[in-house]
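# Examining the three-dimensional arrangement
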Amino acid sequence: MNEQLITHLPRWLEASRAHAHEGKVAAYIPELAKAPGNALGISIMGKTGETVAAGDTSLMFTMQSISKIFTLMLALVDNGEDGVFAKVGMEPTGDDFNSMLKLELVEPGKPFNPLINAGAIAVTSLIHGSSPAEKSGRVLRYFQDIAGGAPLAINEEVYRSESATAHRNRSLAYFLKDNEVLGEEIDVEDVLSVYFQHCSIEINVEQLSRMALVLAFNGTDPITGREHIPRRYVQIAKTFMLMCGMYNASGEFAIRAGIPAKSGVSGGILAMVPGIYGIGVVGPALGAKGNSTAGVHLLETLSGQLEWSMM
Ligand SMILES: NC(=O)CC[C@H](N)C(=O)O
């Protein structure tokens, strides 16, 4: 583990924590509003499992949009590239993550990419299983294996809270149905329940850094040597992360930090230094574009200090 990182991480983290007050905890899912706005935690894991961590590392949070990366890879395993990209595009939008704006623009109903909500809902509909419960079970086990094997669980309060208030996501999903991106055989509410459940999988920064480590090593967990995800699918996921992992702030993050990352509205960020580190961050206060203000500041600081940019 890098000496500079071990020495300075606690200080860098506290300096970044000062940026939490620039953001606000998400409240459109009422249950998320209970998270501590001033929290900031990070775990950075190297290839033998050595970890350096700082801040609020025991805070549990839901994966929210971070889950979209892993459901994309599971859908790719289930359907192949042609099957997935028949339903969802490969382009960033520059719009908010829950925007409807471009859904009608190019190919009606086909979401621009799998990381905006409409695209992620389309991807979730492709996950194999004979019932919503079986699909959610497969997703949970997949995430759990990649996170190192310890049991993960769905936060039922967050799931119910999102499901009860998801008017926007419901309207996106019915629009997809109307345009046959969700096919005849697909029940919209079933797809939404699987989607809300994978968004509600609860995790901590250490588990998140292990998931990121598997991506940093192209789908094979360097600690166990076990291949979890085909390399090609990790390549696709990392490319999307770089292009649109931080919503419509992805360009700015690519310029400032230059590493693949995916954020969620709970304030979590999964990031990686390819071939070196898996990183999990949480800082529930979000900026205007839906990313953790303190978390982004910390990743940009680390990238600047340690020259992590891939560019
Ligand atoms: N940006 C996010 O993290 C969004 C995920 C959230 N579950 C939603 O669909 O609104």
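Residues numbered from 1 in each chain as written. Predicted model: local features only at pLDDT ≥ 70, side-chain atom pairs only at ≥ 80, totals over all residues. Heavy atoms only, no water.

The name an unreviewed UniProt entry assigns to the protein chain is Glutaminase, from the organism Paenibacillus nasutitermitis. Under Sequence similarities (unreviewed entry), UniProt gives the following word-for-word description of the protein chain: "Belongs to the glutaminase family." In UniProt, the protein chain has this text filed under Catalytic activity (unreviewed entry): "L-glutamine + H2O = L-glutamate + NH4(+)". (UniProt positions renumbered as here; feature names shortened; annotations may be inferred.)

This paragraph deals with the sheet that holds strand β6 (residues 201-203). Consider a sheet: its strands pair through backbone hydrogen bonds, and that pairing is either parallel or antiparallel. Sheet architecture is open: three strands sit in the order β4-β6-β5, paired in antiparallel fashion. Sheet topology places β4 (61-62) and β5 (153-154) at the edges, where each strand pairs with a single neighbour. (Pairing = 2+ DSSP bridges. Helix = DSSP H or I, 4+ residues; strand = E, 2+ residues; numbered from the N terminus.)

A word on helix α1 (residues 3-17). Counted at 1.5 Å a residue, the expected span for α1 with its 15 residues is 21 Å, and the 22 Å between its end C-alpha atoms agrees. Bending of α1 peaks at approximately 50° at the position of L9, with proline P10 no more than four residues after it. By the burial criterion, the buried members of α1 are L5, L9, W12, L13, S16 and R17. Where α1 begins, the side chain of N2 points an oxygen toward the backbone nitrogen of Q4, at a separation of 2.8 Å. (Expected span 1.5 Å × (residues − 1). Bend = angle between axes of the 7 residues up to and from the residue. Buried < 20%, exposed > 50% of the residue type's maximum accessible area, 1.4 Å probe, protein only. Polar contact = N/O pair within 3.5 Å; in protein donor to acceptor, adjacent residues only side chain to side chain.)

Let us now look at the domain arrangement of the protein chain. For the protein chain, the assigned domains are domain 1 (3-64 + 203-306) and domain 2 (66-199). Measuring from the centre of the C-alpha atoms in domain 1 to the corresponding centre in domain 2 gives 21 Å. Facing the 38 residues of domain 1 at the interface are 39 residues of domain 2. Taking both partners together, domain 1 and domain 2 bury about 3300 Å²; carbon and sulfur atoms supply 72% of that area. Contact with domain 2 buries area across many residues of domain 1, yet Q64, Y233 and F240 alone supply 19% of it, more than any other trio. Counting every contact that joins domain 1 to domain 2 gives two salt bridges. Of the charged contacts, one joins R232 and E81 as a salt bridge, the two residues approaching to 2.9 Å between their closest N and O atoms. For the pair domain 1 and domain 2, the interface holds nine residue pairs in polar contact (both at pLDDT 80 or more). With nine residues, helix α9 (residues 231-244) is the single largest residue contributor to the side of domain 1 that touches domain 2. A class-by-class count of the residues in the side of domain 1 that touches domain 2 yields 24 nonpolar, nine polar and five charged. (Domains from an automatic or database assignment. Contact = heavy atoms within 4.5 Å. Buried area = accessible area lost by both parts, 1.4 Å probe. Salt bridge = Lys/Arg side-chain N within 4 Å of Asp/Glu carboxyl O. Nonpolar A, V, L, I, M, F, W, Y, C, P; charged D, E, K, R; others polar.)

A few words now on the nonpolar core. Judged by nonpolar contacts, the single largest core of 49 residues is most densely connected at F70, M73, L215 and L270. Shared between two domains, this core holds at least three residues of each, these being domain 1 (3-64 + 203-306) and domain 2 (66-199). With sequence-adjacent residues up to four places away left out, L215 is seen in contact with I69, F70, M73, I229, V234, K238, M241, L270 and M272. (Core = buried A, V, L, I, M, F, W, Y, C linked by side-chain atoms within 4.5 Å.)

It is worth spelling out the site of the ligand at this point. Every residue near the ligand is listed here: Y28, Q64, S65, F97, N117, E162, N169, Y195, C199, Y247, G264 and V265. Between the ligand and E162 there is a distance of 2.9 Å, counted from a nitrogen atom to a side-chain nitrogen or oxygen. In the complex, 100% of the free accessible area of the ligand, which totals 300 Å², lies under the protein chains. In the shell around the ligand, the residues fall into six nonpolar, five polar and one charged. Built from parts of two domains, the shell around the ligand gets at least three residues from each of domain 1 (3-64 + 203-306) and domain 2 (66-199). (Near = heavy atom within 4 Å. Areas by Shrake-Rupley, 256 points an atom, 1.4 Å probe, with all protein chains shown as cover.)

It is worth spelling out the environment of W12 at this point. If you trace the backbone, W12 turns up in helix α1. Residues in contact with W12, not counting those within four places in the same chain, are Q4, L5, L298, T301, L302, Q305 and L306.

Attention now moves to the pattern of salt bridges. Tallied over the full model, the rule gives 10 salt bridges. The salt bridge involving D56 is made with R17; its shortest N-O contact spans 2.8 Å. One end of the pair, D56, is in the loop between β3 (51-55) and β4; the other, R17, is in helix α1, and 39 residues separate them in sequence. Among the residues examined, R17 registers a relative accessible area of 15% and is labelled buried. Between R138 and D78 there is a salt bridge, and its shortest N-O distance comes to 2.8 Å. One end of the pair, R138, is in helix α4 (residues 132-146); the other, D78, is in helix α2 (residues 67-85), and 60 residues separate them in sequence. Among the residues examined, R138 registers a relative accessible area of 24% and is labelled partly exposed. Each of E14, R17 and D56 takes part in a single network of salt bridges with overlapping partners.

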